[in-house]
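Okay, here's what each chain looks like letter by letter:
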Amino acid sequence: MNMLISVVIPVFNEEWNIPIISNSIASLFNAIPYDYEILFVNDGSTDNSLQALKTVASENKHIKYISFSRNFGKDNALLAGFDFAKGDAVITMDADMQHPPELIPKLIDLWQQGNAVVYTYREDKNEHAAKMNQLSSTFFYRLINHLSDVELEDGIADYRLLDKKVVAILNNLHEDRPFFRGLVKWVGFQQTGIPYKPHARATGETKYDHKALVRLALQGLTSFSVKPLNIAIYLGFSFSALSVCYLPYVLYSLLYGKAISGWASTIVTIVFFGGLQLMILGIMGIYLGKLFMQSKQRPKYIIDETNIQ
Ligand code: UDP
Ligand code: MG
């Protein structure tokens, strides 16, 4: 009996990429001694992705699909894939061919050598990404690493292989909006990473605009530590210390009749502390919101249809 590898692919408006990636994965697995299933998760596409999935599934019995009732986000699509994947190992990759399928045999080899997680990271990010994107991504990982308790490598991608024991753990975490890039590192076990050169998207365009990236960054930060809450305490202490230093000057001004000249500094102080308080309230609000969403225990996705029996 060959081992079974599940390839989980989230799909959001990728109708043209579906046949391309299906064919390339199928021909790869024809050359190696492993069974495979490709599990597409249609995340509420508004184009003909579902139709495309039905077509490829009718041509290749290794292809399964799950179709959501609406868009639930990529992380929830991955989670659904984990719930339904039957493989001894699960590979997650994007539908747009940016994650080169040629690496799959290498991922499997490293898994066979005893790694429970084989992740990938982009090398040479410059080649296809614009300079600006690279900058913001580097900044994003620096910020997360600095502020949170898991160490992420710059450019780490959602292209990875997970042993089924890791998949089982991820299935049992009932986190609202799981942040896989952090969670996968957090589970531990023997892990290794390999670099890859991202290709250009085969067809279509990216689903992540700048707003979505900022949301992702905040989610990454606040799912992994409460350090941002500590910022509030440090800032509070620093500014009370500063105001103590300011006191002699205030007294001096009072004694020598210059008190009225303090208008500018008053305004500056009000504006500054107003902003600071809003920022800290915002940070607390995010954590509170997480508790709120978590407490509702809603399902993370709703399946409309699937060809999995
Ligand atoms: N995706 C998804 N749901 C979403 C947005 C994206 O399932 O709400 C999928 C998308 O179809 C693709 C993968 O996630 O397979 C990565 O998306 P994209 O290529 O747009 O991101 P980028 O490569 O630009 O970071
Ligand atoms: Mg992409």
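Just so it is clear, the structure is predicted and the values come from calculations on it, not from any experiment. (Residues numbered from 1 in each chain as written. Chains lettered and ligands numbered in written order. Predicted model: local features only at pLDDT ≥ 70, side-chain atom pairs only at ≥ 80, totals over all residues.)

Q: When you look at the site of ligand 1 in this model, what are you seeing that I'm missing?
A: Around ligand 1 there are 16 residues in total, and P10, F12, A95, T206 and K207 lie nearest to it. Elements supplying a minimum of two residues to the shell around ligand 1: β1 (4–11) and α3 (74–84). (Near = placed C-beta within 6 Å. Helix = DSSP H or I, 4+ residues; strand = E, 2+ residues; numbered from the N terminus.)

Q: Quick question: what am I supposed to make of the UniProt feature "transmembrane region" (unreviewed entry) in the protein chain here?
A: Those places that UniProt annotates as "transmembrane region" (unreviewed entry) correspond, in this numbering, to residues 231–251 and 263–288. Annotated as residues 231–251, this span is 100% helix and 0% strand, and its ends, taken at the C-alpha atoms, are 31 Å apart. (UniProt positions renumbered as here; feature names shortened; annotations may be inferred.)

Q: What exactly am I supposed to notice about the packing of helix α1 (residues 17–30) against helix α2 (residues 49–59) here?
A: Axis angle and axis distance: for two packed helices, these are the angle between their axes and the distance between the axes, and together they describe the pair. Running from amino to carboxyl end, α1 crosses α2 at an angle of 30°, the nearest separation of the two axes being 9 Å. Compared by their axis directions, α1 and α2 come out roughly parallel. Crossing geometry of α1 relative to α2 is assigned as right-handed. Along its contact with α1, which presents I18, P19 and S22, the element α2 presents S49, A52, L53 and V56. Taken together, the residues that form the contact of α1 with α2 break down as five nonpolar, two polar and no charged. (Axes fitted to C-alpha atoms, helices over the stretch in contact; angles between N-to-C directions. Parallel < 35°, antiparallel > 145°, perpendicular 65-115°, else oblique. Left-handed = near helix turned anticlockwise from the far one by under 90°. Contact = placed C-beta atoms within 7 Å. Nonpolar A, V, L, I, M, F, W, Y, C, P; charged D, E, K, R; others polar.)

Q: Sorry if this is basic, but what is going on with the sheet that holds strand β7 (residues 191–196) here?
A: Within a beta sheet, neighbouring strands are joined by backbone hydrogen bonds and run either parallel or antiparallel to one another. Here we have eight strands laid out as an open sheet, ordered β7-β5-β6-β4-β1-β2-β3-β8, and mixed in their pairing. Strand pairing shows two members of the sheet lacking a second neighbour, β7 and β8 (303–306), which therefore form its edges. Pairwise comparison of adjacent strand axes, ignoring direction, gives a mean angle of 20° for this sheet. Along the sheet face, α2 touches β1, β2 (35–42) and β3 (63–68) and points at about 160° away from the line of β3. Together, β1, β4 (89–92), β5 (117–122), β6 (156–163) and β7 form the strand contacts of helix α4 (residues 104–112), whose direction differs from that of β6 by roughly 50°. (Pairing = 2+ DSSP bridges.)

Q: When you look at the pairing of β4 in this model, what are you seeing that I'm missing?
A: Successive residues of a regular strand alternate their side chains across the two faces of the sheet. Covered by surrounding structure in β4 are A89 and I91 together with V90 and T92, the residues of both alternating faces. Summarising the sheet, β1 and β4 pair through four bridges and their orientation is parallel. Each residue of the ladder has a partner; that of V7, found in β4, is I91. Looking at chain direction, β4 and β6 are connected through four bridges and run antiparallel. Paired with A89 across the bridge in β6 is D163. (Buried ≥ 20, exposed ≤ 12 C-beta atoms within 10 Å, placed from the backbone.)

Q: What exactly am I supposed to notice about unusual backbone geometry here?
A: Trans is the common state for peptide bonds, and a negative phi is the common state for residues other than glycine. With phi around 70°, M97 is a residue other than glycine that occupies positive phi space. Looking at the secondary structure, you find M97 in the loop between β4 and α4. A positive phi angle, close to 65°, is found at F189, a residue other than glycine. When you line up the elements, F189 lands in the loop between α7 (180–186) and β7.

Q: Is there a simple way to think about helix α9 (residues 227–255) in this case?
A: Taking 1.5 Å per residue, 29 residues should reach 42 Å; α9 reaches 43 Å between its end C-alpha atoms and fits that length. Within α9, the axis deviates most sharply at Y246, by approximately 30°, and proline P248 lies no more than four positions further along. Burial of α9 is sparse: only zero of the 29 residues sit out of reach of the surface. (Expected span 1.5 Å × (residues − 1). Bend = angle between axes of the 7 residues up to and from the residue.)

Q: Just to check I follow, could you spell out the environment of V184 for this structure?
A: Locating V184 in the fold gives a position in helix α7. A sequence separation of 11 residues divides V184 from L173, and the C-alpha atoms of the two residues are 11 Å apart.

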